[in-house]
Amino acid sequence: MREVAFLRSPVAHGIIRAIRAPQGAQVFTMADLTGVLPIRAPSSLPGFRRTDQWPLAQGRVRQVGEPIAMVVAATRAEAEDILDAIALDIEELPAATDMLAHRAGPPIHEGWPDNVVLQALVEDDISDVQAPIVIRRRLRTARQHMAPIEGRGVVARWDSRLGQLEMHTSSQMVHVTKTGLAECLGLAESAVRIISPDVGGGFGYKGILLQEEVAIGWLARKLGGTPLRWIEDRREGLSAQANCREHHYDITVHADRDGTILALDCEAHVDSGAYSAYPFSACLEAAQIGSILPGPYIVPRFRCKTWSVATNKPPILPYRGVARTGVCYALETTLDAVARAAGISPVALRLRNLPSAAQMPYINVTKKIFDSGDYPEALRRAAEAVDAEGFAARRDDARAEGRLIGQGFAIFCEQGAHGTSVYHGWGIPFVPGAEPCQARLTPDGALELRVGVHSHGQGMETTLAQVAHEILGVPVERVQLIHGDTALTPYSTGTWGSRCAVMAGGAVAEACTELRSRLIPMGAHLLQDKDAIFAEGAVRAGNASVSVAEIARTFFRAPQNLTEAMQAEGLDCTVGHKTARDTGTFSYACHAVEVELDAATGHVRLTRYVIVEDGGVLLNPLIADGQVLGGAAQGIGTALFEEMPYDTGGQPLASTLADYMLPGASDVPDIEILHMETPSPISRFGQKGIGESGAIGPPAAIVNAINDAIAHLGCEVTDLPATPDRILAVLASAIPTPADTGRQLRGAA
């Protein structure tokens, strides 16, 4: 095994003048990678500008940490010593680091007139809207790192016997990686095998084709059978790899006096970073804002203009809760301001504007089809759980004691498992089709399920085994799920977009149903009763039965006991599955939070957290809870801690976990989850995708609670995360109302 390390750009923007490697060292630059194509993630949306991301920088660097050269050595330490000995001459250029200030340029890509990757517009002239309440907010969400516990890593070798590149890599979409890698390396797909073993967390971070994967793929072929390894260290992950969620909103809500929404108007920017990440492209987040900003509400009129802006930072990726977390934050915090202006409670305002259960399926202003549910009921249950009606009195009592407490709500919907009809219009390299599953019985009666989606800790093995048991009655412990290997599994776009339970769950059900249809005549033949039926894992006729395992044993080991036609049919099949309408399932949730602020330190303590979640029929409630809890912990990080700051030169200011603050166990309260189960009419069992839901609601609910606590002071939080420094700055800007005159906040100077 030889170790690989990468020489990375020390500057955010510059022209490479020279690279001088020490004599005798194995150092490779882009000039050596002959025949290798850049990573390209285009979109067919009008006006989209493509970027070429070379596996190693070619002439110019556009972000700190961009790989420039690749070193091979016996150990990582030796490789890093060689890196230190490389002389690198870069002419530094001004860096574009602020999406608003640098949108117009100077351009960071040659031939562009500005730094706009894509401008999109939902065009509705709302100038005729006459609203007595008009609330405008400018809000910003922080650039984040996805921070899975396990970073990226690659082990690769060229199998000369098979003429095949075998790459083990930390990926949540192995087939997409294989196709992208084959295209960049100029290889047939059959010459590439991607294996992704158990990995610790994906979150979107493991859903892109890496420059390092392409570079190491080329090197593995060049060096023959020598296995190569690159393991990303935490500094590389934080400072050089993709980020997420840097949005800016200029949002206006027009409402009637009673809080009824009349129109929504927004201009939003997304910092897309230097390159378009494969396969989702650099426009996914901003373009999605235009389609999902109305959230779960009835919005009669809607206008939205968005910009994806290229900057000298790492590419942005669709992180858990893609665009929805920012959208939910922008809309829900602005709606709380509308409620204050209307003189009604946040709960009353939301109930006034949510579609009722009787209106389902509801088609909203951007043509999203909410498939089922009772959104007002979710809000009512959350409000009841936290005693929303009685909270004002508790808040006033606390203020009398000099304490700041607040209560906040956020309600949102999550489109999951959306498919071909949604994505083909984006024109990105991959559009999901029918999700496949190969199911096959083995001679000992066990069941193998081969799926193209990937499990990276979300318990998919258990859930899909349960689905198979539901159809075939095979014990869960006798079901083997095979995934994460392109040589063993059917082609799929992988794990993303809250699609596994719905799409792979449906595919497993379809494949097992097909198997069952083959088992019944075999069992009937063995029982000599044409009216035999399938029940509880066996074909039954009266008091006689033959189990699935017995039929499988007969098929493989005693085929003479079956007809010729039955022998030819086989006990394995591959079946694709799509939902009845592939516009997606719509789960939804309401988060209700109570907080207490320390006015002296700016620290926020979460004192109560309730989530009412409707994920349709829950295939495995325990795993659903795990998804919601894990997402909520990440959302708390977004709300209060996580930020990837850059200086004006584009240098990342957080390159260790001492600088990049993640929520710890003591920062996450006991979260109460109350489930609703409204079946989706379009999925196989009525299930809905909820993989991202937990991460969407926390920032909006928490900041609404913070603002509720300080609203009487005439100030509010607008930017994420709500760190102690930001809280203290907001409190310093407070303009106390007459009612607060003479009252001293506990701990305040």
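Relevant structure appears above.
Since the model is a prediction, treat every value here as computed from it, not as a measurement. (Residues numbered from 1 in each chain as written. Predicted model: local features only at pLDDT ≥ 70, side-chain atom pairs only at ≥ 80, totals over all residues. Heavy atoms only, no water.)

1. Describing the overall build of the chain
Move 1: When helices and strands are tallied, the chain shows 18 helices and 28 strands.
Move 2: Each of the three principal axes of the chain carries a C-alpha extent, and together these read 95 × 80 × 50 Å.
Move 3: For the chain, buried positions account for 61% of its 749 residues.
Move 4: Summarising the internal contacts of the chain: among those between residues at least 6 apart in sequence, 79% fall at separations of at least 24.
Move 5: Element-wise, carbon and sulfur atoms account for 51% of the exposed surface of the chain, whose accessible area totals about 26,800 Å².
Move 6: Between the centroid of the 65 positive side chains of the chain and the centroid of its 86 negative side chains there is a distance of 3 Å. (Helix = DSSP H or I, 4+ residues; strand = E, 2+ residues; numbered from the N terminus. Buried < 20%, exposed > 50% of the residue type's maximum accessible area, 1.4 Å probe, protein only. Contact = heavy atoms within 4.5 Å. Areas by Shrake-Rupley, 256 points an atom, 1.4 Å probe, with all protein chains shown as cover. Lys, Arg positive; Asp, Glu negative; His and termini not counted. Charge placed at Lys NZ, Arg CZ, Asp CG, Glu CD.)

2. Brief notes about the side chain of Glu-414
Move 1: In this structure, Glu-414 sits in strand S18 (residues 404-416).
Move 2: In this structure the side chain of Glu-414 is engaged in a polar contact, spanning 3.1 Å, whose partner is the backbone nitrogen of Ser-693.
Move 3: Here Glu-414 is in contact with Arg-324, Ser-498, Thr-585, Phe-586, Ser-587, Gly-689, Ile-690, Gly-691, Glu-692, Ser-693 and Ile-696, once residues within four sequence places are set aside. (Polar contact = N/O pair within 3.5 Å; in protein donor to acceptor, adjacent residues only side chain to side chain.)

3. Structural notes on the sheet that holds strand S4 (residues 60-61)
The pairing of strands in a sheet happens through backbone hydrogen bonds and is either parallel or antiparallel.
Move 1: Read from one edge to the other, the open sheet built from three strands follows the order S4-S2-S6, with strand pairing classed as antiparallel. Since the sheet does not close on itself, it has two edges, and those belong to S4 and strand S6 (87-92), each with one partner.
Move 2: By the bridge criterion, six bridges tie strand S2 (residues 14-20) to S6 in an arrangement that is antiparallel. Among the inter-strand pairings, Ile-16 is bridged to a residue of S6, identified as Ile-90. (Pairing = 2+ DSSP bridges.)

4. A look at helix H11 (residues 460-472)
Move 1: Compared with the 18 Å implied by 1.5 Å per residue over 13 residues, the 18 Å span of H11 between its first and last C-alpha is a close match.
Move 2: Looking at H11, one finds that the buried residues are Met-460, Thr-463, Leu-464, Ala-465, Val-467, Ala-468, Ile-471 and Leu-472.
Move 3: Those residues of H11 that are buried lie in contact with strand S20 (447-451), strand S21 (479-482), helix H12 (500-527), strand S22 (533-535), helix H13 (548-557) and helix H15 (621-640).
Move 4: Looking one or two places after H11, you find Gly-473, whose phi comes out positive at around 75 degrees. (Expected span 1.5 Å × (residues − 1).)

5. Some points on the pattern of salt bridges
Move 1: By the definition in use, this model includes 50 salt bridges.
Move 2: Note that Arg-394 is salt-bridged to Glu-594, the shortest N-O span being 3.1 Å. Of this pair, Arg-394 sits in helix H9 (residues 388-400) while Glu-594 sits in strand S26 (residues 585-597); the two residues are 200 residues apart in sequence, bridging distant segments of the chain.
Move 3: Using a relative accessible area of 34% as the deciding quantity, one classes Arg-394 as partly exposed.
Move 4: Of the residues examined, Glu-594 reaches a relative accessible area of 8% and is grouped as buried. (Salt bridge = Lys/Arg side-chain N within 4 Å of Asp/Glu carboxyl O.)

6. A word on the sheet that holds S26
Move 1: Taken together, four strands build an open sheet; the order of strands is S18-S26-S27-S28 and the sheet is mixed. Both edges of this open sheet fall to S18 and strand S28 (671-676), since each of them pairs with a single strand only. Strand-to-strand, the axes of this sheet are offset by a mean angle of 15 degrees, without reference to chain direction.
Move 2: Strands S18, S26, strand S27 (604-614) and S28 of the sheet are contacted by helix H8 (residues 375-385), whose axis makes an angle of about 25 degrees with S26. (Axes fitted to C-alpha atoms, helices over the stretch in contact; angles between N-to-C directions.)

7. Digging into the packing of helix H7 (residues 346-353) against H8
Any two packed helices are characterised by the angle at which their axes cross and by the distance between the axes.
Move 1: The N-to-C vectors of H7 and H8 enclose an angle of 165 degrees; their axes lie 9 Å apart at closest approach. When the axis of H7 is compared with that of H8, the two are roughly antiparallel. Seen from above, H7 lies across H8 with left-handed handedness. On H8, the residues touching Val-347, Arg-350 and Leu-351 of H7 are Pro-376, Leu-379, Arg-380 and Ala-383.
Move 2: Taken together, the residues of the contact of H7 with H8 break down into five nonpolar, no polar and two charged. (Parallel < 35°, antiparallel > 145°, perpendicular 65-115°, else oblique. Left-handed = near helix turned anticlockwise from the far one by under 90°. Nonpolar A, V, L, I, M, F, W, Y, C, P; charged D, E, K, R; others polar.)

8. Topic: the nonpolar core
Move 1: Of all hydrophobic cores here, the largest spans 149 residues; its most connected members are Met-70, Ile-706 and Ile-710.
Move 2: By residue number, the principal contributor to this core is helix H6 (residues 324-342), which donates 10 residues.
Move 3: Discounting chain neighbours no more than four positions away, the residues touching Ile-706 are Val-595, Leu-597, Val-604, Leu-640, Val-717, Ala-722 and Ile-727.
Move 4: By size, the runner-up hydrophobic cluster in this structure holds 42 residues, among which are Leu-447, Ala-507, Cys-512 and Ala-541. (Core = buried A, V, L, I, M, F, W, Y, C linked by side-chain atoms within 4.5 Å.)

9. Quick notes on the packing of H6 against helix H17 (residues 698-710)
Move 1: Between H6 and H17, the least distance of the axes is 8 Å, while the angle of their chain directions is 30 degrees. One way to sum up the angle between H6 and H17 is to call them roughly parallel. Crossing handedness for the pair H6 and H17: right-handed. Between H6 and H17, the residues in contact are Thr-325, Cys-328, Tyr-329, Glu-332, Thr-333, Asp-336 and Arg-340 and Pro-699, Ala-700, Val-703, Asn-704 and Asn-707, respectively.
Move 2: Residues that form the contact of H6 with H17 fall into these classes: five nonpolar, four polar and three charged.

10. Examining unusual backbone geometry
Move 1: Omega for the peptide link from Gly-105 to Pro-106 comes to 0 degrees, which places this bond in the cis form.
Move 2: Mapped onto the elements, Pro-106 comes out in the loop between S6 and strand S7 (116-122).
Move 3: In this structure, Pro-721 follows Leu-720 across a cis peptide bond, with omega equal to -10 degrees.
Move 4: Within the secondary structure, Pro-721 sits in the loop between H17 and helix H18 (724-732).
Move 5: A positive phi is found at Arg-245, a non-glycine position, where the angle reads about 70 degrees.
Move 6: Following the sequence through the fold, Arg-245 ends up in the loop between helix H4 (234-240) and strand S13 (247-255).
Move 7: Here Arg-245 falls in the buried class, since its relative accessible area comes to 5%.
Move 8: In the Ramachandran plot, Ala-323 falls in the positive-phi region, its phi being about 65 degrees despite a non-glycine side chain.
Move 9: Mapping Ala-323 onto the fold places it in the loop between strand S15 (301-310) and H6.

11. What to know about the environment of Pro-679
Move 1: Note that Pro-679 resides in the loop between S28 and helix H16 (693-696).
Move 2: Residues Pro-679 and Asp-614 lie 65 residues apart in sequence; the distance between their C-alpha atoms is 9.0 Å.
Move 3: Contacts of Pro-679, omitting those with residues within four sequence positions, involve Ser-372, Gly-616, Val-617, Gly-686 and Lys-688.

12. Overview of the pairing of strand S24 (residues 544-547)
Move 1: Bridging between strand S23 (residues 538-541) and S24 involves four bridges; their strand directions are antiparallel. Each residue of the ladder has a partner; that of Ala-541, found in S24, is Ala-544.
Move 2: Counting the residues that bridge the hairpin from S23 to S24 gives two residues, and of these Gly-542 lies at a positive phi of roughly 60 degrees.

13. Regarding the environment of Arg-76
Move 1: Relative to the elements of secondary structure, Arg-76 occurs in helix H1 (residues 76-85).
Move 2: For Arg-76 and Trp-230, which are 154 residues apart along the polypeptide, the C-alpha to C-alpha distance reads 8.5 Å.
Move 3: The residues touching Arg-76, leaving out its near neighbours within four places in the chain, are Glu-3, Val-4, Ala-5, Trp-230, Ile-231, Asp-233 and Glu-236.
Move 4: Within the structure, Arg-76 has its side chain in polar contact with the side chain of Glu-236 (distance 3.4 Å).

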